[in-house]
Structures are given as C-alpha cells and as structure tokens.
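Architecture at a glance
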Amino acid sequence: MTERPSPDLTIRDTRVYRGANIWSYEKAIHLVVDLGSLEQFPTNTIPGFTDNLLLMLPGLREHSCSRGRRGGFVERLNEGTWLGHVAEHTALALQQVVGHDIRRGKTRQVKGEPGHYNVVFGYVDEQVGLAAARLAVRLVNHVVEADPEFDWEQELESFILRAERTAFGPSTQAILDEAVSRDIPWIRLNQHSLVQLGQGVHAKRIRATMTSATSAIAVDIASDKDLTTRLLGAAGLPVPKQDSVRTADQAVRAADRIGYPVVIKPLDGNHGRGVCLNLENGDDVRRAFPIAQEQSRRGVIVVESFITGKDYRCLIIDGRVAAIAERVPASVTGDGTTSVRALVDLANADPRRGVGHEKVLTRIKVDDAAIELLREQGLELDDVPAEGQTVKLALTGNMSTGGISIDRTFEAHPENVEIAEEAARMVGLDIAGIDFICPDITEPVRETGGAICEVNAAPGFRMHTHPTIGEPQFIAKPVVDMLFPPGATSRIPIVAVTGTNGKTTTSRMISHIFKGMGRKVGMTSTDGVVIDERLLIRADASGPRSARMVLQNPRVDFAVFEVARGGILREGLGYERNDVAVVLNVQPDHLGLRGIDTVEQLADVKAVLVEAVPRDGHAVLNADDPLVREMRRRCSGQVVWFSMEDPGSETRDMIDAHCRRGGKALVLNPSERGEMIVVKHGPREMQLAWTHLLPATFSGRARMNVQNALAAAAAAFAAGAPLHDIRQGLRTFSTNYYLSPGRLNEVDVNGINVIVDYCHNAPGMRMLGDFVDRVGDSLASSHDLARPSRIGVIATAGDRRDEDMRELGSIAAQHFDVVIVREDVALRGRARGEVAGFVAEGVRAAMAEGARCKQLEEVHEEIAAVRHALSRANRGDLLVLCVDQHAAVMSELENWSPQAQAGAGASDDAPAADPDYDPAPVDA
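Residues numbered from 1 in each chain as written. Predicted model: local features only at pLDDT ≥ 70, side-chain atom pairs only at ≥ 80, totals over all residues. Heavy atoms only, no water.

**Digging into the environment of valine 563**
- Along the chain, valine 563 falls in the loop between β26 (558-562) and α19 (565-571).
- Distance in space between the C-alpha atoms of valine 563 and glycine 388 is 68 Å, their sequence separation being 175 residues.
- Valine 563 has contacts with Ala496, Val497, Thr498, Lys503, Ser542, Ile568, Leu573, Tyr575 and Leu609, leaving out every residue within four places of it along the chain. (Helix = DSSP H or I, 4+ residues; strand = E, 2+ residues; numbered from the N terminus. Contact = heavy atoms within 4.5 Å.)

**As for the confidence of the model for the protein chain**
- Taken over all residues, the pLDDT of the protein chain has a mean of 90, while the share at 70 or more is 95%.
- Predicted confidence for residues 902-924 stays below pLDDT 50, and this span has 46 contacts to residues more than four positions away or in other chains. (pLDDT = per-residue confidence, 0-100.)

**Comments concerning the pattern of salt bridges**
- What the rule picks out here adds up to 68 salt bridges.
- Close ionic contact of arginine 188 with aspartate 125 constitutes a salt bridge, the shortest N to O distance being 3.2 Å. With arginine 188 in strand β5 (residues 186-188) and aspartate 125 in the loop between β4 (116-122) and α4 (126-144), this residue pair connects regions lying 63 residues apart in the sequence.
- Between arginine 257 and aspartate 243 there is a salt bridge, with the nearest N and O atoms lying 2.3 Å from each other. Placement of arginine 257 in helix α9 (residues 248-258) and of aspartate 243 in strand β9 (residues 242-245) is noted, with a sequence separation of 14 residues between them.
- Residue classification places aspartate 243 among the partly exposed positions, given a relative accessible area of 26%.
- Three or more residues joined by partner-sharing salt bridges are found here, namely Arg18, Glu126, Arg545, Arg548 and Glu571. (Salt bridge = Lys/Arg side-chain N within 4 Å of Asp/Glu carboxyl O. Buried < 20%, exposed > 50% of the residue type's maximum accessible area, 1.4 Å probe, protein only.)

**A word on the sheet that holds strand β13 (residues 310-317)**
- Pairing in this open sheet of five strands is antiparallel, and the strands run β19-β14-β13-β20-β21 from one edge to the other. Only two strands of the sheet have a single neighbouring strand rather than two, namely β19 (404-407) and β21 (451-457). Between one strand axis and the next, the sheet turns through 30° on average, direction left out of account.
- Of the pairings in the sheet, the one linking strand β14 (residues 320-328) to β19 comprises four bridges and is antiparallel in character. Paired with alanine 325 across the two strands is aspartate 407, which belongs to β19. (Pairing = 2+ DSSP bridges. Axes fitted to C-alpha atoms, helices over the stretch in contact; angles between N-to-C directions.)

**Points about the nonpolar core**
- Phe561, Val563, Leu573, Tyr575, Leu609, Leu621 and Met631 are the most contacted members of the largest nonpolar core, which totals 49 residues.
- Sorting elements by how many residues they give to this core places helix α20 (residues 599-606) first, with four residues.
- Each residue touching leucine 573, except ones within four places of it in the same chain, is listed here: Arg18, Gly19, Ala20, Pro544, Val563, Ile568, Asn578, Val608, Leu609 and Ala612.
- Counting 46 residues, the second-largest nonpolar core is a separate cluster that includes Leu94, Val140, Phe150 and Phe159. (Core = buried A, V, L, I, M, F, W, Y, C linked by side-chain atoms within 4.5 Å.)

**Section: the state of the cysteines**
- Per the counting criterion, the structure on display carries zero disulfides.
- With no disulfide of its own, cysteine 659 lies 15 Å from the sulfur of cysteine 635, the closest cysteine sulfur. (Disulfide = S-S within 2.5 Å.)

**Examining the pairing of strand β10 (residues 262-266)**
- Counting buried positions over the five residues of β10 gives five, a clear majority of the element.
- Neither face of β10 is open: one carries Val262, Ile264 and Pro266, the other Val263 and Lys265, and all of them are buried.
- In the sheet, β10 pairs with strand β11 (residues 276-279) via two bridges, with the strands oriented antiparallel. Bridge assignment links valine 262 to a residue of β11, and that residue is leucine 279.
- Pairing of β10 with strand β12 (residues 301-305) involves five bridges; the strand directions are antiparallel. Across the sheet, proline 266 pairs through a bridge with isoleucine 301, a residue of β12.

**Structural notes on helix α27 (residues 802-813)**
- Look at α27: 17 Å from first C-alpha to last across twelve residues, which is about the 16 Å you get at 1.5 Å a residue.
- Inspection of α27 places Asp804, Met805, Leu808, Gly809, Ile811, Ala812 and Ala813 among the buried residues, and these make up the whole buried set. (Expected span 1.5 Å × (residues − 1).)

**Overview of the packing of aromatic side chains**
- A full pass over the atoms with the stated rule returns six aromatic pairs.
- When the centroid spacing of 3.9 Å and the interplanar angle of 20° are considered together, the rings of phenylalanine 514 and phenylalanine 558 count as stacked. Of this pair, phenylalanine 514 sits in helix α17 (residues 503-516) while phenylalanine 558 sits in strand β26; the two residues are 44 residues apart in sequence, bridging distant segments of the chain. Across this residue pair, the class does not change: phenylalanine 514 and phenylalanine 558 are buried.
- Ring geometry for phenylalanine 698 and phenylalanine 771: centres 5.1 Å apart, planes at 65°, overall edge-to-face. Of the two residues, phenylalanine 698 is situated in the loop between β32 (684-690) and α24 (703-718) and phenylalanine 771 in helix α26 (residues 762-782); the sequence distance between them amounts to 73 residues.
- When the ring centre of phenylalanine 717 is taken as reference, the NZ or CZ atom of lysine 664 above it lies at 5.6 Å. (Phe/Tyr/Trp six-rings, centres within 6.5 Å; stacked < 30°, edge-to-face > 60°. Lys NZ or Arg CZ within 6 Å of the ring centre and 35° of its normal.)

**So, the packing of helix α8 (residues 225-234) against helix α13 (residues 414-427)**
- Where α8 meets α13, the axes come as close as 10 Å, and the angle between the chain directions of the two elements is 120°. Looking at the two axes, α8 sits oblique to α13. Helix-helix and strand crossings are classified by hand; for α8 and α13 the assignment is right-handed. On α13, the residues that touch Thr228, Leu231 and Leu232 of α8 are Ala423, Met426 and Val427.
- Counted by class, the contact of α8 with α13 contains five nonpolar, one polar and no charged residues. (Parallel < 35°, antiparallel > 145°, perpendicular 65-115°, else oblique. Left-handed = near helix turned anticlockwise from the far one by under 90°. Nonpolar A, V, L, I, M, F, W, Y, C, P; charged D, E, K, R; others polar.)

In structure tokens, the structure reads:
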C-alpha cells in the first residue's frame, strides 16, 4: 500500500441518460471514474477526510445511503467506503444545495477493471448535474490533499450562479410541479422558459405564464398602455387620465392638462422599470422623463394621473380571479443606531432574498433612483434613521425591485373582483395581472376612489405562491386546469419495439394498422422519422432524440418507436414510459461494444423497454426466446405472449396456463388449410388471419415475417385496436418498396427474381437463409429447364466481432450457390477489405465442409457488386441483395439493362459489370 494517498480521482467517461436506462427508471448521469492510487485508500484510512468533507458539505449528514436512515452515509464514511461512492453522494449534495431534491444514485465497480467505478446519479437540470459531477470530483481530490488553487467558497458560488442561469423561474416551476403531480409529461424546448406540456396532438406550450392559448393581439394590447387604458375606459372601468408623449416638453404639457401629481412610465415597460410616481410639478416631470425613456423600446412615454392608495395585483386565470396580493415597495425600518446602508445589507442577508427571481424575494437594489428617493426623505445612505421610521427605497411595489407581498385573496370586495375580471376579458388575456391602486381592496373602488393602472401579460406568480405575509395560493392549478380540463388526456399512446432482428418491419406493420384506423402515426426507425406516412428525416432514427421529435409534433396522436440497443446505452429512452413494449428476440449481435459482451447483458439492455411499462400497460414478449421470456419478471403491467410453437409444446402449455388466468396471447394453430393466427384472451379464442394470405409472409414462406406479424398483431391488440382493423392492416401490408423499403422487397429484373433485404448479422442470415430455401425450392419445382441458381450479395457492419463476421459467411454458404461479398460505405474503424476478408473466411470454411456454395467472389463497392451479380444471373435465378444503401440499389435495379451496363466502368476493386465477364472465383 502506498504510504500517502494522492488526489488521483478522474472521470474517464460521461454519459447523460435522458430517460429510462440500464441503471435507473429515470433520467441519470453516468460517470466512469478511475480512482488510481486511491483504490487502496477507503475513507477511514485518510486522516480528517470525513470531518473536512462534512464541514464543506453539511448536507451530506442527511443522506441515508444504503442504511435507510438519516446519517447512514456518514456511518459509511466512518467505516470506510471508496471514493467513487463519495463522488456520487457529493454530486447529489451539490445539486441539493441549489434546490434540486435529487436522492437517487448508485456506485458499482466496473467488472474486470480494478479501481474503475460506474457512478450513477439523478439530475433535474442536465447542465447542473454535469457541473455537479465535475465539481464533486475536484472537491474529493481537494479533501484528499489540499489544492492551494482550489477555493471552495468561490467554486461553490460559481456553481450556484451556474445553476441559477438555467433554472426555471418560480412561475414556470409552479406550473411544472402541478403538471408533474397530475402525471402530465413535459419537455424543455430551450434553455429558458419555453416548455411543452403533454405529447403530440395533446401538447400545450408555456413560456413563463404565457400559454399556447394566449392571444398575440391581447399581448400587444397589454404592451400598449395607452391603448389598454382607452379600451378599459370605453368599457366603463375606472382608469386614470393619461396621454402618450415622445418628448419632455410634451410630457410637461400633458401633465399640466391632466393635473398634478402625475406618473410617467414607458408605454411598453414591465416589472416596474422606468416608472416614476408622484411627480408634483414640471421640473419633476423633466427629471423623470429620461428614466422612463431609457426603459422604452418604442420611445413613447405615458403620462397619467397619480392615484393615491395601496398597490394591489389581481391575478386572473381563465376569466376568474385566482389570487390577489398587496405589494409593498422596498423599504427598511430604522432602529436608531444602524445606517440605511447597513439596514439594506441586513435585509438582503435574509435567506429568502436572492438575485432576480431565483428566490421568493429579490434583493433590494440601491441605485440612483433609490438614492434620489432617500434624499427626498432627507436621508443619505450613511445616515441613521430614527427608531421605527420607515425608509422607502422604491416607489413601486414590484417584487423585482425588492418589494414584499401580502396575500389579500379572500379580502377583496366582490365588485372589485368583477372589475378585475372584466378588465382581463376586455384585453383578451387568458392569464392577466391587473394592477389596482386604491385605498382599500375590501371597499368598492368606485366609492373609495382608485383605478386600474396597468394590465400585464405573463404576470409573475411569485408574490402569490410565496407571499411574505399570508397564505400561499396554489395558482398553478387553474392554469393547468385551463390547459388540460378535468378528464382531458395529455399523453399519446406509445408502442416501443426492440429486438435483434425484425424491429423495423414490425414497427411498420403496427404503424400501418393504426394508420388504417385513421390515426396520425409518428414512427421512428432505422430509415428515419415518419409522420403520417411522410418521411421527414432520412437517417438512422432509432434513438431517443428522434422519439422526442415525434412527441413534439402537434399532428401525432399515436407513436411507434423502433428502439435500438445503441440509443439505450448512449442516452436511455427518449420518454418516460411506453404503453406497449414489444421485444422480438435477443440474439448475439453488437457484442463487444459499450461494455456489452454477452447475450445476457444484451437482454438486460433490451429489457429497459419492459421496465418502462406502467401498471396499466402491456409487454408483448416472444415466448419462444428464453431470454425474452425471462423479461416477464421485470414487467409492472400485463404480459402478452406470442409464439410460433405448435400446440402441445412446452411453450404452448405455458401460454395456455397464462390464458387460463385471464392473460392474453397470439399463437399459430396449424391445419390442413395452413396456419391460423389465433388471439387468446382468457378462455376465449378468436381467429385473426391465415398466414399464407398475408402478403408480407410470401404465402407463409417468410417465417421471420410470420413472427413479425404475430408481434405486430399482439401489440395492436394490447393497444386497443379492434380485431377487424388488425386483420385489415395485416392483409394490406406488403413488403413492396413503398411500404417497407429495404425489407424483403421483391423485384423482377428481366426475369431474375431479386430480393432486397437489410440482413446484416448471423441470426438474420439464418432466417433469411430459411426463406431462400423455401422460395428456391418453390422456384425449382416450377422451373421447366435447369435448376435456378441462388446468388447472394452479403455484407456486415465493421463494428461486429471477427467471429460474428465469419459466422455470417458460414451461414450464407449453406443457402447460396454463389456468394458475393461486399462492404458498407462506413467501415466503422476497419481497413478497406478487412470486413469482406473475415466474411469470406467464413464462406471458405463452410465450403470446405461441403456447404452448398460452390463459388465465392469479392466485390467491395456495393453498386458494383449489384451490377456484377445481375450480370451473371440468368432468367429464373434467385438473387438476394443484402443492402446498405437500399435507395441507390433500388434505383440501380429499376434502370438495369445488360446492354446499358456492358463495358461500364466500376470501382477500382470491382470487376467490370459485363454480362460475358466471368471472374475467377476466390475459392472453387
């Protein structure tokens, strides 16, 4: 053991999961940390470590850790725990400092790598969580060995300010908290306050307290104070006399007409900026004019009569008064010994006060206007006011200028409430802040005197949700009620499909079924994002970002997501939960990538979808796959099985027992006429469709599509589709290029039977080979002359293991007479020819053992390989093209003619596409 620990803790890798993932049901940050020499030093071996850490972050004393009680983590520190675990709790504690109540975390050692740990913890704001991770590691290293350049107080303050920059304001946060309490999902659309509530067609947007229902015209009216006053006055509502001016001279003349005292303010101002009150003569107006003009974007200033009384804010939501607050301008009270400056500092030391809207109160700002106001009261900053003397520091009662609020919601006179509601209706705002100036809100303003001095669009909620005096008002509730009335739905159904093979075709089948029912389906797949049968983005869109894109589209009322292994490992799911999870199969593919080395680990990744099923949801599972069958234990909802096993098998016995308990399943029942897809629900059995009548199954020969049809029908049944709509969807879905590009597309090219498919791994090649055998035998029985040849153009991705590439070639050799090996455009880290070489090795090994294949060729460039295969095929032959760029290949097939291709050049590693050219085989 090293005598003295060194600050060696470092972050090797960082991932941000934005949805359910392999570590957590909720979003989380995942660090891979390296302890270095600190692996030899648990916390109890480092002198003073625990005491120093708790001194800097006392909040750690509240952490229960695995002990399940307050102080549990401190016990672990004293007993000795490793510093990766400490970094996890430190990151959580830092987030708690800025008000993010996050308590989820775990630390696990990386298998086979001593000193390396997976540190996983939850977060509210992604950027704050990442900053907390970085600061946590630096702090732990600092506690291990003091770093003279590490100033903890400065680092903590910088972290807090960073969190404040991205935090939601109190109004937005109040609405989000209410939405979350009602299980309404939300998505942050920018780094400010623009948020989407709900999904797809049910989505609503808010920006602070403006909503998607807020009228743009109403906002413009409220921004024009002159127009607002004229509209309210025309409706018979009490308003002050006013006029709009552009120069100081015009302001003085207007004040003379209206009568002193007056108020001047910018026409388009807000938050009380530029408002100057109680101006008693022309000189006061001239001095105040530049202050108002500085805050005006249009350069128009309003001069209006000064109404004496208290300042009240009436909050109107959906036409009804939701809250009323009295606003008291910023002030301090003298004690006879303390200066004004010191009194302000004491007031700002109140933990409830912060910068801007970060806390329930805003710090009092001593600016030029405040100093001028002090002088009007006969005071300077360093003067000592008398005991009990109230010293005003602002004229307006806005919370943003340091004012306080007193709740008066249940004290207002009904007539005043009616006036405020009528003012909001006149302007047309769904959420409005009506500013009253009157002696007492409990008395009618028409009798006591008073007026509406302003109507505000996007009023702040802080004075109502966190009043300085009085009971808080839960005003987010009427806002959410307005956007989502009781009984209204906020979510769209989500069906998520995963598995090693068949994901895209199954997703397309499900989408086709619901499209036939009139739904506006949003689908993501490896081909792109499709909204209502229109391809919006052509890319591999099987990850979480594409899912969020669909959920943000206002046309979509049903979502089908193809979910790939890579997206789950990289970012988690792009949503909270799926109503239906479909797991087709788990087979050895993509192994050796991102820490997934076994098929069992791959199954754990796929099972994330099953874990994301709610109690009222369904998991559609392949009962024929042992790894998928085990996922039933992770499902909170109901399991719907599908199986291709015959009656009497062990799997069917299990399904029958499941259905006797009221469960659901889809199975195949063979008969002399063929195979019937049967829906089982409890004791009932309902016939759905003959497999040989489904176009996608090629008269039942494409067994992979029989399985996909079972899964799609089970998913649609679980999602509530009627049987007749499921039947119609399956009967009208075919594998033509327009419905299912790149998946078993059948094309006749000058009498050559061409199949275009995306097969790229060994398990897929095994299923494709079975299809080739069935189709080939059918062609042979109907061919009058020589037996048709089977030609396969195959390839795989460069990120597969060497042995997986060889296995693909070996399987292909069992089913094709001629194998042509090509390569993808993206080699994924491999050298040109390397992937093809490994695949060819597998073909040669199988040929040596007597496989069907008699000729092996390598043509690396895809289009050149397609041209070469076409040139050597005869009429009646079966040509299977395993494609990468299916659109380019289909275009080549449509334009193919042997005469046009004769003598055409090819790439430098491909033979000329000449119909008479017979290249020498790599192996014979």
